[in-house]
Structures are given as structure tokens and as C-alpha cells.
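Close look at the chain arrangement
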Amino acid sequence: MNDMDTLKEQLETLFYWFHEHPELSYEEYETTAKIKEFLISHNIEIVPYELETGLVAVIPGKQDGPIQMLRCDIDALPIIEQTELSYRSKIEGKMHACGHDMHIVAGLGCAVLLQENREKLRGTVKIIFQPAEEAATGAEKILETDVMKDVKFAWGFHADPTNPVGTIGIREGYVTAAVDRFVITVKGVGCHGAHPDDGIDPILVSSAIVQALQSIVSRNINPFHPALLSVTRINAGTTWNVIPPEAFMEGTVRTLDKEDRVLYEKRVKEVAEKTALAYGAKALVEWIPGPPATYNDKKMAKWCQKRAKEQGMKVVPEESSLGGDDFAFFQEEIPGCYVKIGTGVGPTIHHPEFKVDPEVLLPATKYLAGLFIMS
Ligand code: NI
């Protein structure tokens, strides 16, 4: 067996283990221990940052170059796996349904190849095994350490079940949206269901607010800018013949443009508060900002395309999405590029039947290492 066959086998064994042992955001203790064990067995340096879960490996190259980072997120989802895989989740109710198991393994494989090719490695690469991407706060945990202070370029990737293995989706410009959450409490006056005139019905007010919020995208946002608002939860009332005193709703706003994001926050507040006022009720709006939009640097995207083609991969335009990724936090200050690696066509990410074809592990590893190694 040659070195690549050995590596392929190691990566597959690791992948099966990670898939069988999914851990949710901030609970990635065993995952972190396994990553550590593998890195140590390959003499790869681990940076002693104060992280409860997740860790940072560093590979210093022997050629001049900048410090760069590769982000690999490591957490799983609270989903009951419904695949028939021999290595399906052993933990009931938890599943690697977003491919982060593949992200970990490709990151580990990349670390090995970089370590083995330090003579040809330009600058230093920090591989960040990041916790809690699904909670959208793990990147900020990493940023609380000083790991990013000397980093000049940020690279990220994601499993893509819309493309076969051997395909890579790359796009310049925006690829994921800014993700914000809003929570609205509508305060009315409760009363008997047969005497609405005695109260102020917060359910009627809420329905008016839901309708009015959709006018923001159609009347306030530039029609050439992708943006959306979804009200995803409404709670009110306890029974059929009582008008409750309060209603509660929440949802999400997705934008690409920075000014649209600011405008949305202002308009959601105005629309909710003033609509409520028109009915004699009161709306309290809480705005909870999440990650900004991910913006792929032009030069870095071109580099990703070049390296992918050199390795015989098919390059396709990356689907832009109003989904989010907290990778965006890393490239707020420095240029970054986030690509999608085809993992075999099948059910979408976050689906209980989502699968990654293990055949992607070695090519993904080689592709990622190729971003940093001189050819
Ligand atoms: Ni994901």
C-alpha cells in the first residue's frame, strides 16, 4: 500500500468513528479528544488556547508566506438519524446531519499532508477545529482567544449534497447571508372570547404584524438585493373561549447587504410597534444579531478554482444561499473564501437521511492541502 492508500484508510476509519459519535454544540468533548489523539500521533502541534471544546492545530511551513487559517466545524445536530449506514449514529437523537464529521476528517487529513510537506508549505497554517457552528456562536469563542490576531487569510468549506464527489462549488462575492433573529411580544388585554370589546386581542394584532412585516422586503428593500423575513413561531392562548392578554412570535431575517441589515432591524421594530399601536396594543421587539454574510474574496476564489482544476476536480458555481455560517465572523476583518465540496447527491443537509460519500475524504483532503502547498 502506498502512503495515500494508508491515509485514505485512516481517514475512512476516523470518519466512521466521528459519524457514530455525534456531539452537539459545546458538548464536543469526545470529538475534541479524538482530534487531539490523532494530531498527537502524527506529531502535529496543538496550540494551547483556552477552549472548552474544539482546538487549533498549527503547521509551520519552511517557505516564506503569510499565516493562514482553515476552519473545520465539528458539532452535530439534535436529529434522529434515519439512514441504514453500518456506521450510523450510536447516540439516539443526535446526528452528523450537516457533514461536520467530514469537515473534521478532511481537516485532519489536510494537517497530515501539510506536516508531511512542510518543505513546500508557504507560511504557517492554523487549522481551527471549531465548536458550535450550529449554535452560530462557536466562531466567536475562537475569536475570544488571540488565535486570529496574526492570520491574514481565512479559508472555509462545507459538505455539499447537491453535487457528486469530485465537484467543487466556488463563487466570488456573497455566498451565505447575515442571520438575525427577532422576538416580538404583543401585549393586549385578555377577556372572554364572547366579549372581544372588553379586551384588546393580541392574536389579531399578531396576524396584522405578520402580514405587515412582509411588506418590508417588497416595499423597503432594493428589489435587486436578496433578502427575506420568516416568522417561524407564534404562541398565544390556552383555550378556545378566552382571548389571551399576550402573544409571542419569533423569526429570522436574512440579508446580504450591510445597509439592508440595518434597515431591516429599524423597519421590523417600527412595523411591529406601530401596527400594535393602531390596535391599541403594545409590541416589544427584541433583535438578536447573528453572523454577518460570508463574502468570498475575488483573488482567493480564483485561487480555489485554479487549484481544484489542477487536481482534476469539476468546478461549478457555488449556490448562493440565504442560509448562514458563522465562518463569516472570521472574515469580517480579513479576506476569506468559503467553498462547497460535493459529497454525493442525496438528501439535503439537516435531513435525517443526509449522507456523505466517504469517497470524498481523500480528494477533499488533497484539495484543502493544495491551497497551501507550492506545486
Ligand atoms: Ni454545516
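Whatever comes next refers back to the structure up there.
These numbers were taken from a predicted model, which means no experiment stands behind them. (Residues numbered from 1 in each chain as written. Predicted model: local features only at pLDDT ≥ 70, side-chain atom pairs only at ≥ 80, totals over all residues. Heavy atoms only, no water.)

1. Re the pattern of salt bridges
By the definition in use, this model includes 21 salt bridges. One salt bridge in this structure joins Glu-265 and Lys-269, with 3.2 Å as the shortest N-O distance. A residue pair is termed a helical-turn pair when its members lie 3 or 4 positions apart in one helix, as Glu-265 and Lys-269 do in helix α7 (residues 258-278) at four residues. Glu-265 gets classed as partly exposed once you look at its relative accessible area, which sits at 28%. By relative accessible area, Lys-269 is classed as partly exposed at 28%. Connected through shared salt-bridge partners, Arg-71, Asp-73, Asp-325 and Asp-326 make up one network. (Salt bridge = Lys/Arg side-chain N within 4 Å of Asp/Glu carboxyl O. Helix = DSSP H or I, 4+ residues; strand = E, 2+ residues; numbered from the N terminus. Buried < 20%, exposed > 50% of the residue type's maximum accessible area, 1.4 Å probe, protein only.)

2. Some points on the coordination of the nickel ion
The protein atoms donating to the nickel ion are Cys-98 (SG), His-100 (NE2) and His-158 (NE2), with metal-donor distances spanning 2.1 to 2.2 Å. We note that the donor set of the nickel ion lies within a single chain, spaced as C-x1-H-x57-H. Of this pair, His-100 sits in helix α3 (residues 100-116) while His-158 sits in strand β5 (residues 153-160), placing them 58 residues apart in sequence. For the pair shown, His-100 and His-158 are each scored as buried. (Donors = N, O, S within 2.8 Å, 3.2 Å for Na, K, Ca; no water.)

3. Let's talk about the side chain of Thr-343
With respect to the element layout, Thr-343 can be found in the loop between β16 (336-342) and α10 (361-370). The exposure class assigned to Thr-343 is buried, which follows from its relative accessible area of 1%. Once residues lying within four places of it in the same chain are set aside, the contact partners of Thr-343 are Met-102, Ala-159, Asp-160, Pro-161, Asn-163, Val-165, Lys-355, Val-356, Asp-357 and Val-360. (Contact = heavy atoms within 4.5 Å.)

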